[in-house]
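Residue-level structural notes
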Amino acid sequence: MSSRFCLLLLLGGLVIGDAFAQQADDRIYGTITTRDGSTFEGLIRWDTNEASWVDVLDGDKMMSSREDRRRRHSIRVFGIEVAEFEDSDDVRSRTSGIRFGHLESLENIGSNRALLTLRTGQQVEFRGGSTDIGNDIRSLLIEDPDKGEIEFRWRDVDRVDFAQAPASARSRYGERLYGRLVTRRGLEFEGYICWDIDEVLADDVLDGDDEEGYDRKIRFGNLLAIERQSSRSARVELRSGDNIVLRGSNDVNDSNRDILVLDPALGQVRVPWDDFERVDFITPEYPVTYRSFTSSDVLRGSVYTADGDRFDGEIRWDNDENHAWELLNGEVGDLTFDVEIGLIAEVERLSSRSALVVLRDGRTLELDGSNDVNDDNDGIFVLLDDGDEVRIRWRDFDRVTFDKP
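Calculation criteria
Residues numbered from 1 in each chain as written. Predicted model: local features only at pLDDT ≥ 70, side-chain atom pairs only at ≥ 80, totals over all residues. Heavy atoms only, no water. Salt bridge = Lys/Arg side-chain N within 4 Å of Asp/Glu carboxyl O. Helix = DSSP H or I, 4+ residues; strand = E, 2+ residues; numbered from the N terminus. Buried < 20%, exposed > 50% of the residue type's maximum accessible area, 1.4 Å probe, protein only. Phe/Tyr/Trp six-rings, centres within 6.5 Å; stacked < 30°, edge-to-face > 60°. Lys NZ or Arg CZ within 6 Å of the ring centre and 35° of its normal. Pairing = 2+ DSSP bridges. Axes fitted to C-alpha atoms, helices over the stretch in contact; angles between N-to-C directions. Core = buried A, V, L, I, M, F, W, Y, C linked by side-chain atoms within 4.5 Å. Contact = heavy atoms within 4.5 Å. Polar contact = N/O pair within 3.5 Å; in protein donor to acceptor, adjacent residues only side chain to side chain.

This part is about the pattern of salt bridges. Tallying each qualifying case throughout the model produces 36 salt bridges. Salt-bridge contacts for Asp320 lead to Arg94; the nearest nitrogen and oxygen are separated by 3.6 Å. Of this pair, Asp320 sits in the loop between β26 (310–316) and β27 (327–332) while Arg94 sits in strand β8 (residues 92–99); the two residues are 226 residues apart in sequence, bridging distant segments of the chain. When sorted by exposure, Asp320 lands in the same class as Arg94, which is buried. One salt bridge connects Arg219 with Asp203, and the closest N-O pair in it is separated by 2.7 Å. Of this pair, Arg219 sits in strand β18 (residues 215–219) while Asp203 is found in the loop between β16 (188–194) and β17 (205–209), placing the two residues 16 residues apart along the sequence. Relative accessible area serves as the criterion here: at 28%, Asp203 is assigned to the partly exposed category. Through salt bridges that share partners, Lys61, Arg94, Asp318, Asp320, Glu326 and Asp378 make up one connected network.

Pasting the structure below:
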């Protein structure tokens, strides 16, 4: 696996925005309509730790009864399983997620349910599965320049309509955190940073006790870098030139709930404290705007079997993921990856427990630890042009090449 990860200007279905983008161009923006019909428009901070278009809305995706039938009923022809469907009222759910940039709107359809309308027109229902949807949401904050700053509960919201922020948009909480993170194994990632699954904006605060025992609260916007010193401490470099060792807080020790890197050309990487080495905060040369998300269509490509057969058509991965916006999950050591499938060029089976994932920008990941990339995979389904559907089990699978979205 490559030890250096870089951000490309153009890849797959993602077009990186103008280098001269305004401060808030990469921030989630939209109109919130409440149950009583009132509307508020402005920059949005979702569930505390999502504030940019590359951030992931997590939930359990409801699957149709049609997909459920495909999973449970099949016949085999020449050793290849061909699905045949029967009527069923069953509906299942799978853990899922989608980057905010793919959303056109979100409707509150229950205490734990949301109907997502994507920019392609596709509609998907998410139910709970995280604090991003439902009554467990921690905060839904909007900065309306005319009506002020308003914090909503889930039950107050009827729908949210998303849009590109106007050039005049500004946040009193500062810019979205962005940086270059290095792991203790020397792997490097660049993207939007979520610290301790909580802090994401420049005005958010890093807490800790310094070497004299003083309680320090430092705005992330004043930080140049954070470096792990031990399981219980970190060294922080300030823009003022000061260097301070902090301890005594889950912001700077192994009680940290992990650091997320929202890599525009990959998806999301979750880094535990024990694997974290250093992050340098920088300004993105090409902020990712709402306009950057150009495609989330149905997956298409070519699937090759171990016996040398090839099947071309629409692909449903693990009998679950069928669109470019969906996420392929896996692990490298203790690092957890949620890779947007539209950014993947190829997946190759390495063994019963792992796969090689090749990104469109050339980076490679050897992933394991998930049913997306091991023999717990429910099958790779290919809907052929003649209408037949073929299921390839993991043990028979060799590789897939995805068409460019």
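We are not done yet, so read on.
Here we take up the packing of aromatic side chains. For the structure on display, the rule yields 17 aromatic pairs. Measuring from centroid to centroid gives 6.4 Å for Trp46 and Phe162, while their planes differ by 45°, and the two rings are tilted. Here Trp46, found in strand β4 (residues 39–46), pairs with Phe162, found in strand β14 (residues 157–162); they are 116 residues apart in sequence, far enough to count as distant. Residues Trp46 and Phe162 agree in their burial class; the two are buried. Every member of this aromatic cluster is reached through a ring pair, and the members are Trp46, Trp53, Phe100, Phe162 and Tyr290. Positioned over the ring face of Tyr290 is Arg119, at 3.8 Å from the centre of the ring. Directly above the aromatic system of Tyr304 lies the positively charged group of Arg399, at a separation of 4.0 Å from the ring centroid.

A word on the sheet that holds strand β3 (residues 29–34). The antiparallel open sheet is built from 10 strands, whose spatial order is β8-β5-β11-β10-β9-β14-β3-β4-β12-β13. Edge positions in the sheet fall to β8 and β13 (148–152), since each of these pairs with one other strand and no more. Neighbour to neighbour, the strand axes of the sheet diverge by 35° on average, direction disregarded.

Right, let's get into the environment of Glu188. Structurally, the position occupied by Glu188 is in strand β16. Overall, Glu188 belongs to the buried group, its relative accessible area being 11%. Between the C-alpha atoms of Glu188 and Val279, which are 91 residues apart in sequence, the distance is 9.5 Å.

Let us look at the nonpolar core. Residues Ile226 and Phe337 are the most contacted members of the largest nonpolar core, which totals 55 residues. Setting aside anything within four residues of it in sequence, one finds Ile226 in contact with Trp195, Leu206, Phe220, Ala234, Arg235, Val236, Phe276, Glu277, Arg278, Val279 and Phe281. Membership of the second largest hydrophobic core comes to 49 residues, among which are Phe40, Val56, Val124 and Val157.

Looking now at the pairing of β8. A large share of β8 lies buried, amounting to six of its eight residues. When strand β5 (residues 56–63) meets β8, the two strands line up antiparallel, connected through eight bridges. The residue bridging Met62 from the neighbouring strand is Ser93, located in β8.

Moving on, we get to the environment of Asp156. Position of Asp156 relative to the elements: it lies in the loop between β13 and β14. Note: C-alpha distance between Asp156 and Asn108 (48 residues apart in sequence) is 9.2 Å. Setting aside anything within four residues of it in sequence, one finds Asp156 in contact with Thr34 and Arg35. Only 3.0 Å separates the side chain of Asp156 from the backbone nitrogen of Arg153, close enough to count as a polar contact.

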